[in-house]
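Chain and residue survey
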Protein chains: 6
Amino acid sequence: MSSPNTVNPDETTAERYQRGLQIVQDLTDDEPRPASLDALERDFPFLSNAVNAYAVGEIFARTVLDVRTRQIALVAAFATLGLGDFIKIHAGYALNAGATEDELKEIVYLTTIPGGFPRAIQASQALTELFASRAERR
Amino acid sequence: MSSPNTVNPDETTAERYQRGLQIVQDLTDDEPRPASLDALERDFPFLSNAVNAYAVGEIFARTVLDVRTRQIALVAAFATLGLGDFIKIHAGYALNAGATEDELKEIVYLTTIPGGFPRAIQASQALTELFASRAERR
Amino acid sequence: MSSPNTVNPDETTAERYQRGLQIVQDLTDDEPRPASLDALERDFPFLSNAVNAYAVGEIFARTVLDVRTRQIALVAAFATLGLGDFIKIHAGYALNAGATEDELKEIVYLTTIPGGFPRAIQASQALTELFASRAERR
Amino acid sequence: MSSPNTVNPDETTAERYQRGLQIVQDLTDDEPRPASLDALERDFPFLSNAVNAYAVGEIFARTVLDVRTRQIALVAAFATLGLGDFIKIHAGYALNAGATEDELKEIVYLTTIPGGFPRAIQASQALTELFASRAERR
Amino acid sequence: MSSPNTVNPDETTAERYQRGLQIVQDLTDDEPRPASLDALERDFPFLSNAVNAYAVGEIFARTVLDVRTRQIALVAAFATLGLGDFIKIHAGYALNAGATEDELKEIVYLTTIPGGFPRAIQASQALTELFASRAERR
Amino acid sequence: MSSPNTVNPDETTAERYQRGLQIVQDLTDDEPRPASLDALERDFPFLSNAVNAYAVGEIFARTVLDVRTRQIALVAAFATLGLGDFIKIHAGYALNAGATEDELKEIVYLTTIPGGFPRAIQASQALTELFASRAERR
C-alpha cells in the first residue's frame, strides 16, 4: 500500500493534481481560492500544474511533519525573503491548521536572527494585514 | 511574576546573557561549544553579547513556540538563504530537542518551494554532514 | 577596425553613451522611453551615464550573444530576484527582438528551479501585466 | 564609568529601551515618528523592544563610528537588498546628522558594484521620494 | 498525441523520472554523473525524484526554448545568486548543447547588471574552473 | 576643467582604465595585487575593463564621499550579502585609507540590523582573517 511519504512511481499527474486541489481546499477552510491561482491556471498552465501537482500535491501531502509545523516553517522562509503575499497565504493555512496568531508572531521575532530587522518588520506588517482581514470575515 | 514571553524591563544584560549561555548548553546537549562562538567573544564582544543576550537569551527563551518547532523554522530560513554552517548548528539543536532526522529532511524538501532546487540540494548536503558527524560521535 | 566585442581604449564616454541611446531606441521599437530613465538623467546623472554608456552602450552592444538570448537571460536573472519592473522592461525588449510570449513563459517555468515558486509566480504576474499593456497599445 | 562602546552588564532593559527612544528622537529631528513603529509597539511588543532596546538602544548608541557614517553604511546595505522604505528612514537620519543629498546619491552610484543596476535604480527612486517629501515639509 | 509542452495528466511519475534520467544523460554527454546526485538518491529520495521527474523530466523536457538557450538562462540566474557549483553543471550542459565558451563569458559580463560585480567575478571563477576541467578531460 | 564628480564625455576608455589602475595601487598600499584580478584580465577582458574603468576608475574616482566612508559603506553592503572575499579586499582598502579595525568591527555589529546574525558572524570571520593576514605581513 502506498504511503504519502514514499514516491509512488505509478501515480499519474492527474492524481497528483487532484490531490493538490483537495489539499488546498482543506488548507483554506471556507476561504475563497486566491484569484492569483486562477490567472495562473489560464495563462501559465505548466506553473499551475507544478504548484498543484508538485508543490501542494506532493510536498504538502507528506505527513512526516504535521501541517501546522510545515506551514510555520514556510512562513519563516518567506519572511526571510520579504515575501509578504506568500506570508499571508501560508500564515492563513497555519492558522486554519490550528496555529495561533501568537505562534505566528514568534516567527516574526525569530526572523530577526536569519533575516535581520527589516524582514521581521515587513513580516509583522503582512501578519497585521492578514489578521485584520480574517477578523473582518468573521 | 515575570513570563519568558513578556519583556521584563528590570532585567539586566548580565541576566539575559547568563540565560543565553544556559539555553545554548541545553540545546547542545553534551556537544562541544562551537569554536566560532569563542572567537566571537574575544574579538567581537558586542556581537557575542548580542548573540547570547538577545538572539538566544531573549528569543530562544520564549516558550510560545516549543524548541523543536522554532529550531525547525530556523533551519527552513537558513536553508532558503544557503547558510550550511547555520543549518548544521540549528538542525543539531532541533535533533537534541526531539526532532527526527526525517523531519529535518522534510525541511529540505519544503525548501524547493521558497528557495528553489539549489538551496534544497545545499541543505541536503549540510544535513548529510551533520548526520555523519553525529553518527561518529556516538 | 574595432569590434563591438573588444574593448576599444580610444572610445570616448560620449561615444559609448550615444551608442547606448541608439540601442535603447532599437530595443524599445516605437514604445515611449520609460519615464524612470528621464528622472535618472536629471537627478542621478552618474547613474544615468552608467546605465547608458556601460550597461547598455557596452554590454548590450556586444554581439557574441544575439539580442533575444541576452534579454531572455536577463529576464531569468531578474525573475530569480523578484524584480517585476525590470522583468517587464527586458521581456519587452526580448519580444521586440523576436522572442515569443511563449518563450518568456518558459523562463517563468524555469525560474522554479533557481528561485523557487514565489519568484516564478511573481514573474508570471509581471509578464501578464506586460502582455496586457502591449495588447492595449496595438 | 561605563562607555557606550562596552557592554554594560548591569544595565536594565528599560534603560536600553529609554536610550533607544531618545536616540530615535535625536535622529528624526522634529519629524513625526513613523506610524509603523507605533503599530509594532501595540501588536508586536517583543519586536518593538528589540528595535528600540537592541538595534537603536545598543547599536546606534555606540560612538566608534559617527552617526553620519553609520547611517550611510546602513543605507548602502538596505540599497543592496532593495529595501526602499528603510532607505528612506535611514537616509533621513543621515541627512539630519549632517550628510548631504549628494553624499547619499554617491551610495546609489556605489550600489551598482555590490548590488547591480536594478538595486541602484530602486535606491535612486527611494531617495527621490525622500528628498521631495523633505522639500515639502520645509 | 502528447506534446512535451503540454502537461499530460495520464503520465506516471515513473515515466517522468525515466525521461529525466534520459535527459540528464543527453545533457552530460559522456561525462560522469555528478556524485552529488547519487547521494541525493540514497538519502533524500523525495528530492532526488523532484529533481529528476519535475525539474529535469518536466521542465527540461519542454521544447519551446531550445536546450542551449534554457541552460544559458539558467546560468544567468545561478550567477546572480552566486551559485558556483550549479553554474558549472549547467554551463557544462550548455556547452554540450552547442553553446561556446565565449557565449558563457557573455553571461558573466551580463551578470554585472542584475547581480553586481562580485557575482560576475564569482561566475567568472566558476567558468574558469569548468573550462579547465573540461580541457583536462579531452 | 573637469571634476572627478562630473561625467567627462570626452574621456577615453583608456584614460578611465589607467585611472582605475592608479586608484587600486593607492588603495592597496604596498600589498600585492590580488591574483584574481590577473586571471580576470586574461580570461574575461570585458569584465576586467569594467572593474578597472567603471567600478574603480569612475566610481572610486569620485570625491563627494571620502575614500574611507565609501569603502566602509561597501563593506556594509558586502557583509549583508555574505561576500567574505570582497569584505576582505575592501576592508583592507578602508584600513589603508585610515579606517581602524574597531570601525570595521562596528560594521559587523551594524550588519545584524539589515542582514541578520549569520551575515554578521560571517563578516566577523572575514575580518578576523584579514586582520591576521595583515598582522603577519608587518
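**A closer look at the overall build of chain A**
- Counting secondary structure elements, chain A contains six helices and zero strands.
- Counted from the first residue to the last, chain A has its helices and strands arranged as α-α-α-α-α-α.
- Relative to the compact-globule value of 14 Å for 138 residues, chain A shows a C-alpha radius of gyration of 16 Å, a close match.
- Dimensions along the principal axes, computed over C-alpha positions, put chain A at roughly 45 × 30 × 25 Å.

**Section: the relation of the copies chain C and chain F**
- Here chain C sits on chain F after a turn of 180° about the axis and a move of 0.0 Å along it, with an RMSD of 0.0 Å. One copy is carried onto the other by what is essentially a two-fold rotation axis. Looking at the rotation axis and the C-alpha trace of chain C, the residue lying nearest is Thr-12 of chain C, at 2.0 Å.
- A symmetric contact is evident, with 100% of the interface residues of chain C recurring at the interface of chain F.

**Quick word on helix α6 (residues 101–137) of chain A**
Residue and element names in this part refer to chain A.
- For α6, with 37 residues, the first-to-last C-alpha span of 16 Å runs short of the 54 Å given by 1.5 Å per residue.
- By the largest-angle criterion, Gly-115 marks the main kink of α6, which is about 140°, and a proline, Pro-118, follows within four residues.
- Extensive coverage of α6 is indicated by the burial of 26 of its 37 residues.

**As for the pattern of salt bridges**
- One pass over the full model with this rule turns up 36 salt bridges over all chains.
- Where Glu-106 of chain A meets Arg-62 of chain B, a salt bridge forms, and the shortest distance between an N and an O atom there is 2.8 Å. Remark: Arg-62 of chain B occurs in the loop between α3 (45–60) and α4 (67–81) and Glu-106 of chain A occurs in helix α6; the pair is interchain, linking two chains. For the residue pair Glu-106 of chain A and Arg-62 of chain B, the accessibility class agrees, reading buried in each case.
- Residue Arg-42 of chain C is joined to Asp-43 of chain C by a salt bridge in which the shortest nitrogen-to-oxygen separation is 2.8 Å.
- The exposure class of Arg-42 of chain C is exposed, given its relative accessible area of 61%.

**Observations concerning the relation of the copies chain A and chain B**
- Superposition record for chain A on chain B: RMSD 0.0 Å, screw rotation 180°, translation along axis 0.0 Å.
- The overlap is high: 100% of the interface residues of chain A also sit at the interface in chain B, so the same surface is used on both sides.

**Considerations on the side chain of Arg-70 of chain C**
- Following the sequence through the fold, Arg-70 of chain C ends up in helix α4 (residues 67–81).
- Nearest to the buried, unbridged Arg-70 of chain C among oppositely charged side chains is Glu-106 of chain E, at 4.3 Å.
- When residues no more than four places from it in sequence are discounted, the contact partners of Arg-70 of chain C are Ile-59, Phe-60, Arg-62 and Leu-65 of chain C together with Glu-106 and Leu-110 of chain E.

**Quick look at the interface of chain C and chain F**
- Listed per partner, the contact involves 16 residues of chain C and 16 residues of chain F.
- Among the residues chain C hides against chain F, the three largest losses belong to Val-7, Phe-46 and Tyr-54 of chain C. Together they make up 39% of the total.
- Seen at the junction of chain C and chain F, the total is zero salt bridges.
- Only α1 (13–28) and α3 (45–60) of chain C provide two or more residues apiece to the side of chain C that touches chain F.
- Take the side of chain C that touches chain F: its biggest share by element is six residues, from α3 of chain C.

**As for the interface of chain A and chain B**
- Residue-level contacts link 29 residues of chain A with 29 residues of chain B.
- Summed over both sides, the interface between chain A and chain B buries roughly 2500 Å², with carbon and sulfur atoms accounting for 77% of that surface.
- Inspection of the region where chain A meets chain B yields two salt bridges.
- In this structure, the connection of chain A to chain B is made through four residue pairs in polar contact (both at pLDDT 80 or more).
- Of all the elements in the fold, those that place two or more residues in the side of chain A that touches chain B are α3 (45–60), α4 (67–81) and α6 of chain A.
- Tallying contributions element by element places α4 of chain A first for the side of chain A that touches chain B, with 11 residues.
- Considering only residue class, the side of chain A that touches chain B consists of 19 nonpolar, three polar and seven charged.

**Some words on the nonpolar core**
- The biggest cluster of nonpolar side chains holds 282 residues, and the ones touching the most others in it are Leu-47 of chain A, Leu-47 of chain B, Leu-47 of chain C, Leu-47 of chain D, Leu-47 of chain E together with Leu-47 of chain F.
- Sequence-distant contacts of Leu-47 of chain A, defined by excluding residues within four places in its chain, comprise Leu-40 of chain A together with Val-108, Tyr-109, Thr-112, Phe-117, Ala-120, Ile-121 and Ser-124 of chain C.

**Side note on the packing of aromatic side chains**
- Per the stated rule, a full pass over the model turns up 39 aromatic pairs over all chains.
- Ring centres of Tyr-54 of chain C and Phe-46 of chain F lie 6.1 Å apart, and the angle between their planes is 15°; on these two criteria the pair is classed as stacked. Note that Tyr-54 of chain C is positioned in helix α3 and Phe-46 of chain F in helix α3 (residues 45–60), a pairing that runs across two chains. You'll find Tyr-54 of chain C and Phe-46 of chain F in the same group, each marked buried.
- Seen from their ring centres, Tyr-54 of chain C and Tyr-54 of chain F are 5.1 Å apart, and the 0° between their planes marks the pair as stacked. Of the two residues, Tyr-54 of chain C is situated in helix α3 and Tyr-54 of chain F in helix α3; the pairing between them involves two chains.
- Its relative accessible area of 0% is what places Tyr-54 of chain C among the buried residues.

**Quick look at the packing of helix α4 (residues 67–81) of chain E against helix α6 (residues 101–137) of chain E**
All names here are of chain E.
- In contact at an axis separation of 8 Å, α4 and α6 are set at 20° when each is read in the N-to-C sense. Taken together, α4 and α6 sit at an angle that is classed as roughly parallel. Both α4 and α6 take part in a crossing whose hand is right-handed. On the side of α4, the interface is formed by Arg-68, Ile-72, Val-75, Ala-76, Ala-79, Thr-80 and Leu-81, while α6 contributes Glu-103, Leu-104, Ile-107, Thr-111, Pro-114, Gly-115, Arg-119 and Ala-123.
- Classifying every residue of the contact of α4 with α6 gives nine nonpolar, three polar and three charged.

**So, the environment of Glu-11 of chain E**
- Along the chain, Glu-11 of chain E falls in the segment before α1 (13–28).
- A C-alpha to C-alpha distance of 30 Å links Glu-11 of chain E and Gly-92 of chain E, two positions 81 residues apart in sequence.

**Points about the packing of helix α3 (residues 45–60) of chain D against helix α6 (residues 101–137) of chain F**
- Two elements in contact, α3 of chain D and α6 of chain F, have axes separated by 9 Å at closest approach and are oriented at 155°. The orientation of α3 of chain D with respect to α6 of chain F, classified from their angle, is roughly antiparallel. Contact residues: Tyr-54, Ala-55, Ile-59 and Phe-60 of chain D in α3 of chain D; Tyr-109, Leu-110, Thr-112, Ile-113 and Phe-117 of chain F in α6 of chain F.
- Residue composition of the contact of α3 of chain D with α6 of chain F, by class: eight nonpolar, one polar and no charged.

**As for helix α2 (residues 35–43) of chain F**
All names here are of chain F.
- Buried within α2 we find Leu-37, Leu-40 and Asp-43. Axial view of α2: buried residues confined to an arc of 145°, hence all on one face. Turned more than 90 degrees from where α2 packs its buried face, Ala-35 and Arg-42 sit exposed.

Reading the values: rules and limits
- Residues numbered from 1 in each chain as written.
- Chains lettered and ligands numbered in written order.
- Predicted model: local features only at pLDDT ≥ 70, side-chain atom pairs only at ≥ 80, totals over all residues.
- Heavy atoms only, no water.
- Helix = DSSP H or I, 4+ residues; strand = E, 2+ residues; numbered from the N terminus.
- Rg over C-alpha atoms; globule rule 2.2 N^0.38 Å.
- Least-squares fit on C-alpha atoms with pLDDT ≥ 70 in both.
- Contact = heavy atoms within 4.5 Å.
- Expected span 1.5 Å × (residues − 1).
- Bend = angle between axes of the 7 residues up to and from the residue.
- Buried < 20%, exposed > 50% of the residue type's maximum accessible area, 1.4 Å probe, protein only.
- Salt bridge = Lys/Arg side-chain N within 4 Å of Asp/Glu carboxyl O.
- Lys, Arg positive; Asp, Glu negative; His and termini not counted.
- Buried area = accessible area lost by both parts, 1.4 Å probe.
- Polar contact = N/O pair within 3.5 Å; in protein donor to acceptor, adjacent residues only side chain to side chain.
- Nonpolar A, V, L, I, M, F, W, Y, C, P; charged D, E, K, R; others polar.
- Core = buried A, V, L, I, M, F, W, Y, C linked by side-chain atoms within 4.5 Å.
- Phe/Tyr/Trp six-rings, centres within 6.5 Å; stacked < 30°, edge-to-face > 60°.
- Axes fitted to C-alpha atoms, helices over the stretch in contact; angles between N-to-C directions.
- Parallel < 35°, antiparallel > 145°, perpendicular 65-115°, else oblique.
- Left-handed = near helix turned anticlockwise from the far one by under 90°.
- Arc of directions from axis to C-beta.

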